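Per-entry structural report
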Amino acid sequence: FVAPPCRSIHRGTVSQRAMQDGSLFGTAADPWAVWNETSSGPLGAWLDQVFMDRFLLALLRNAGDGTSERLQGPASYEDIMATVADIHDRGLRDGIDVSAVSRGTLQSLFPDWPPSPRDTVGLLWWFERLFARPFPVFSAKLNAQVTWAAAAWLMGPCDLEDVATGELAVGDGKKQRVKVRRCRYLEEAGCASICAQTCKIPTQKFFNTDMGVPLRITPDFATLECNFEFGVPSNEANDTAVLDTSCFPMCSRKNHQQHRDKSSFSMGKDARPCDATSALGRTGQGHTRKRT
């Protein structure tokens, strides 16, 4: 018997043990929150497919492997997860910056217009200066609403909830948390490193740096829930707890020899229990780049 993770009911936070103990993976997941072939997000199945097609194309282009030119027909979720896994494993095998590819994918979903005076995506540069800086509360709530409405196809069923005011840097907390009830992305990946290196770290950096909107992402590996808290800055303690998660029981990358061969990725005494995450490095530094 594995005890469920300790949770703070009034704050909705996740215990460090729940994040770091990979053996708890999925043990307390909500059976009623499974995404299936009849599911759709708030905007409907047609737009879900449009978003899926665009996201897969952006992934392939940012991965730089040339396969985007051969993409035919509508994208499937299996196509996306296979591409994500390939990008992650190329980080282990070839040393590509997985987090930078993921962040670049998010950047390339936005038009490079109006033109920006710097080497950044135009719309993101202007959003930060015209909205995020002068209207931070509006921007935090707007991004929570858009994420809830447009990203359910990627993450699974979502609810819009309040954030505890004691943790906020921006806003009153009303409707600033997107709670993913059972993360489809995490469940399909089945890997703590893929969660950290292709989602949590680059997505936080994208919102905090590229859009100027504070965001903290906190997954719960036992329930498969994930909290996107807009108006709450990411912090090292939260990131470290996720990066230090041990391998899930079914992780196909556990004890992989490539993790040990890539000594340039090793963090020595700071290496995490998850073999793949340790091999890819601690921070997954990204960089702002202009879409081509």
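Residues numbered from 1 in each chain as written. Predicted model: local features only at pLDDT ≥ 70, side-chain atom pairs only at ≥ 80, totals over all residues. Heavy atoms only, no water.

1. Structural notes on the side chain of S139
Among the secondary structure elements, S139 is positioned in helix α6 (residues 136-150). A polar side-chain atom of S139 sits 3.1 Å from the main-chain carbonyl oxygen of F131. Those residues in contact with S139, other than ones at most four positions away along the chain, are F127, F131, A132 and V213. (Helix = DSSP H or I, 4+ residues; strand = E, 2+ residues; numbered from the N terminus. Polar contact = N/O pair within 3.5 Å; in protein donor to acceptor, adjacent residues only side chain to side chain. Contact = heavy atoms within 4.5 Å.)

2. Things to note about the packing of aromatic side chains
Throughout the structure, instances matching the rule amount to 9 aromatic pairs. Ring plane angle 35 degrees and centroid distance 6.4 Å describe the contact between F131 and F138, whose orientation is recorded as tilted. What makes F131 partly exposed here is its relative accessible area of 35%. Judged by centre distance (5.2 Å) and plane angle (65 degrees), the ring pair of F221 and F248 falls under edge-to-face. Here F221, found in the loop between β5 (215-219) and β6 (226-230), pairs with F248, found in the loop between α10 (236-243) and α11 (257-261); they are 27 residues apart in sequence, far enough to count as distant. In this pair, the class of F221 matches that of F248, namely buried. Taken together, the aromatic side chains of F110, F206, F207 and F230 make up a single cluster linked through ring pairs. Taking the ring centre of Y77 as reference, the NZ or CZ of R184 above it sits at 3.6 Å. (Phe/Tyr/Trp six-rings, centres within 6.5 Å; stacked < 30°, edge-to-face > 60°. Buried < 20%, exposed > 50% of the residue type's maximum accessible area, 1.4 Å probe, protein only. Lys NZ or Arg CZ within 6 Å of the ring centre and 35° of its normal.)

3. Things to note about helix α2 (residues 45-63)
In an α-helix, one turn spans 3.6 residues, which is why side chains three or four residues apart end up on the same side. Between its first and last C-alpha, α2 extends 27 Å over 19 residues, near the 27 Å set by a 1.5 Å rise per residue. Buried within α2 we find D48, M52, F55, L56, A58, L59, L60, N62 and A63. Of the surrounding secondary structure, the elements contacted by the buried residues of α2 are α3 (77-94), α4 (98-108) and α7 (152-155). Just downstream of α2 lies G64, where phi reads positive at about 70 degrees. (Expected span 1.5 Å × (residues − 1).)

4. Side note on the pattern of salt bridges
By the definition in use, this model includes 14 salt bridges. Note that D210 is salt-bridged to R103, the shortest N-O span being 2.7 Å. Of this pair, D210 sits in helix α9 (residues 192-211) while R103 is found in helix α4, placing the two residues 107 residues apart along the sequence. Classification of D210 by relative accessible area gives buried; the value is 7%. Note on R103: relative accessible area 2%, which makes it buried. Measuring nitrogen to oxygen at the nearest pair gives 3.9 Å for the salt bridge that ties R177 to E161. Pair noted here: R177 is in strand β4 (residues 177-180) and E161 is in strand β3 (residues 158-161), with a separation of 16 residues, a long-range link. By relative accessible area, R177 is classed as buried at 6%. In this structure, a network of salt bridges that share partners links the residues E161, E167, R177, R216 and E229. (Salt bridge = Lys/Arg side-chain N within 4 Å of Asp/Glu carboxyl O.)

5. Details of the sheet that holds β5
Taken together, 4 strands build an open sheet; the order of strands is β3-β4-β6-β5 and the sheet is antiparallel. Either end of the sheet is taken by a strand with one partner, and the two such strands are β3 and β5. Strand-to-strand twist of the sheet, defined as the mean angle between neighbouring strand axes without regard to direction, takes the value 15 degrees. One ladder, built from 4 bridges, connects β4 with β6; its direction is antiparallel. (Pairing = 2+ DSSP bridges. Axes fitted to C-alpha atoms, helices over the stretch in contact; angles between N-to-C directions.)

6. A look at the pairing of β6
Across the 5 residues of β6, 5 count as buried, placing the element largely inside the fold. Burial of β6 is two-sided: the residues C226, F228 and F230 facing one way and the residues N227 and E229 facing the other way are all buried. Pairing of β5 with β6, which is carried by 5 bridges, proceeds in the antiparallel orientation. In the strand pairing of β6, T218 is matched with N227. Once β5 ends, the chain turns through 6 residues before running back antiparallel as β6, passing L224 with a positive phi of about 65 degrees.

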